[in-house]
Amino acid sequence: YIFKKETGSTIVQYLTNVRMEQACELLCHRPDLTMEEIALQTGYNSTTYFHKIFRSKFGVSPRQWQQTMSEKIKLKSRTPRRLLYSSQPSRCSFI
């Protein structure tokens, strides 16, 4: 009760958000990892359950999210350098 009062979410919701943020970072920056490796590194022993939680949170599978982010990064890399320097640092974002 105290945790929810202070953070606005339950401990389970908070932990899920932290895990999903880490999963997005790995999907963005470590395309060499398998979904099983990403699931394990984010605290999920089951790839199926990881996939289910990811899809329920973002509405797409981890692989679809990764492909979308990859396309966005490719588009960004085509932007002239002077524009890249003036933009904010690249970060993974939730869809």
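Structural data are supplied above this passage.
Residues numbered from 1 in each chain as written. Predicted model: local features only at pLDDT ≥ 70, side-chain atom pairs only at ≥ 80, totals over all residues. Heavy atoms only, no water.

Focus on the side chain of Gln 66
Next, step 1: Here Gln 66 lies in helix 5 (residues 62-77).
Next, step 2: Within the structure, the side chain of Gln 66 is placed 2.5 Å from the side chain of Arg 63, a separation counted as a polar contact. (Helix = DSSP H or I, 4+ residues; strand = E, 2+ residues; numbered from the N terminus. Polar contact = N/O pair within 3.5 Å; in protein donor to acceptor, adjacent residues only side chain to side chain.)

Observations concerning the nonpolar core
Next, step 1: Ranked by size, the top nonpolar core spans 17 residues in total, and within it Met 20, Leu 27, Ile 38, Tyr 44, Phe 50, Phe 54 and Trp 65 carry the most contacts.
Next, step 2: Here the element with the most residues in this core is helix 2 (residues 11-29); it accounts for six residues.
Next, step 3: The residues contacting Ile 38, other than those within four sequence positions of it, are Ala 23, Leu 26, Leu 27, Leu 33 and Phe 50. (Core = buried A, V, L, I, M, F, W, Y, C linked by side-chain atoms within 4.5 Å. Buried < 20%, exposed > 50% of the residue type's maximum accessible area, 1.4 Å probe, protein only. Contact = heavy atoms within 4.5 Å.)

Looking at helix 4 (residues 47-58)
Next, step 1: End to end, helix 4 covers 16 Å across twelve residues, agreeing with the expected 16 Å (1.5 Å per residue, within 8%).
Next, step 2: When helix 4 is considered as a whole, its buried residues turn out to be Phe 50, Ile 53, Phe 54 and Phe 58. Each buried residue of helix 4 sits inside an arc of 110 degrees when the element is viewed along its axis, so together they form one side. Summarising the geometry of helix 4, the exposed residues directed more than 90 degrees from the buried face are Thr 48, Lys 52 and Ser 56.
Next, step 3: For helix 4, the N-terminal capping position is held by Ser 46, with its side-chain oxygen 3.3 Å away from the main-chain nitrogen of Thr 48.
Next, step 4: Following helix 4 by one or two positions, Gly 59 adopts a phi angle in the positive range, close to 80 degrees. (Expected span 1.5 Å × (residues − 1). Arc of directions from axis to C-beta.)

Here we look at helix 2
Next, step 1: Compared with the 27 Å implied by 1.5 Å per residue over 19 residues, the 27 Å span of helix 2 between its first and last C-alpha is a close match.
Next, step 2: If you check which residues of helix 2 are buried, you get Met 20, Ala 23, Cys 24, Leu 26, Leu 27 and Cys 28.

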